[in-house]
Amino acid sequence: MEEMTSAKEHPMTRSHDDELNRAVAHLNGATRMVALTGAGISTEAGIPDFRSSEGGLWNDLHLMVSLSSWGFRLAPERFYRQVLKLIPPLLKAQPTRTHYLLAEFERMGKLTTVITQNIDGLHQQAGSRNVIELHGTYRRAHCIDCHHAYTFEEIQNKIHQQELPPRCHRCQGLIKPDVVLFGDLLPPEALARATQAVRECDLLLVLGSSLVVYPAADLPQRAREAGVPLLIVNLEPTPYDRHAEIVIHTPLGEFSQFIGDRMGLKLHPPGASPQ
Ligand SMILES: [Zn+2]
């Protein structure tokens, strides 16, 4: 008797297949989903998790200071030398099946918004249009004095010409990537849009986020207050697992392949032929 009660309260104790089948039912029925994506979706695309507890770059104190907002202001050349080491995996990365799954849901009119903690731009590359980037993007930059906008390619050209740190051609101000650095405030407008989106959706998909870094850790709570069910897919347990309708601890790629097969969706680049 007691066991049955606990099985009901703790979705983790249900079988994997059971959870996947329930996920399909929820996804089929949803008409205005929101997805919240974290580092797990990018690591499957080959991008290292800067903040992971094991072997994460943030364990290197010097690197963390160099890449903080103070490091940028005090030693911009060193900041850019560190950034250059992080760029190659970002340039090589391609969207995963999970990125394409979310783009397909949006195209079908079932998903309104992707909220991401990642800075790699892979959601847009996969075809998602309404993407809220809580931590910004490496693909754009701006002058900290006159706010002139620069593309990643323009910054790359300056660096190739040994301009380190790259400076604004209009006012000689420092150019800063549009990434939220350690010590930066989160963009309030993006945070407000994200909070509104999770409160108004009919299913919040949490994919590849451990839900410990603010503000991602806060958004599922906002959804729950509005009565929105949670579907969590993450390799590791999260603090919200016991509050979620469905919890699946599996690699995102496997989850997305299963969902794609069951719902008859194409999870590949637009124009490419299925494998
Ligand atoms: Zn400028």
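So, a few notes on the structure that sits alongside this text. (Residues numbered from 1 in each chain as written. Predicted model: local features only at pLDDT ≥ 70, side-chain atom pairs only at ≥ 80, totals over all residues.)

## Describing the overall build of the protein
In terms of regular secondary structure, the protein is built from 12 helices and 9 strands. When the 275 residues of the protein are sorted by exposure, 33% land in the buried category. Put simply, of all contacts in the protein between residues at least 6 apart along the chain, 66% involve residues at least 24 apart. (Helix = DSSP H or I, 4+ residues; strand = E, 2+ residues; numbered from the N terminus. Buried ≥ 20, exposed ≤ 12 C-beta atoms within 10 Å, placed from the backbone. Contact = placed C-beta atoms within 7 Å.)

## Here's the deal with the sheet that holds strand β2 (residues 111-116)
Across the sheet, 6 strands lie side by side as β3-β2-β1-β7-β8-β9; this open sheet has parallel pairing. Edge positions in the open sheet fall to β3 (131-133) and β9 (246-248), since each of these has one partner strand only. Neighbouring strand axes in the sheet, compared pairwise and without regard to direction, differ in orientation by 15° on average. Sheet topology note: the strand β1 (residues 33-37)/strand β7 (residues 203-207) ladder contains 5 bridges and is parallel. Within the sheet, the bridge partner assigned to Val-34 lies in β7 and is Leu-204. (Pairing = 2+ DSSP bridges. Axes fitted to C-alpha atoms, helices over the stretch in contact; angles between N-to-C directions.)

## Remarks on the environment of Phe-105
Inspection of the secondary structure assignment puts Phe-105 in helix α7 (residues 97-107). For Phe-105, a count of 22 C-beta atoms within 10 Å corresponds to the buried category. Leave out the neighbours within four places in its chain, and Phe-105 touches Met-33, Lys-110 and Leu-111.

## Comments concerning the environment of Pro-166
Among the structural elements, Pro-166 can be located in the loop between α9 (152-160) and β6 (175-179). The exposure class of Pro-166 is buried, given the 22 C-beta atoms found within 10 Å. Sequence separation of Pro-166 and Glu-154 is 12 residues, and the distance between their C-alpha atoms is 9.4 Å. Excluding residues that lie within four positions of it along the chain, Pro-166 makes contacts with Ile-155, Lys-158, Ile-159 and Ile-175.

## Structural notes on the pairing of strand β4 (residues 136-143)
For a regular strand, the rule is simple: side chains alternate between the two faces of the sheet. As judged from the 4 bridges shared by β4 and β6, these two strands associate in the antiparallel manner. Of the residues in β6, the one forming a bridge with Ala-141 is Pro-177. Where β4 meets strand β5 (residues 149-151), 3 bridges bridge the pair, whose relative direction is antiparallel. Looking at the pairing, Ala-141 lines up with Tyr-150 of β5. The turn joining β4 and β5, which pair antiparallel and follow one another in sequence, is formed by 5 residues; a positive phi near 65° is taken by His-147.

## Some points on the sheet that holds β6
Hydrogen bonding along the main chain pairs the strands of a sheet, whether they run parallel or antiparallel. Ordered in space as β5-β4-β6, the 3 strands form an open sheet in which the pairing is antiparallel. Pairing within the sheet leaves two strands with one partner each, and these edge strands are β5 and β6. This sheet shows a mean twist of 40° between the axes of neighbouring strands, independent of strand direction. Most of the contacts of α9 go to β5, to which it runs at about 75°, and overall it touches β4, β5 and β6.

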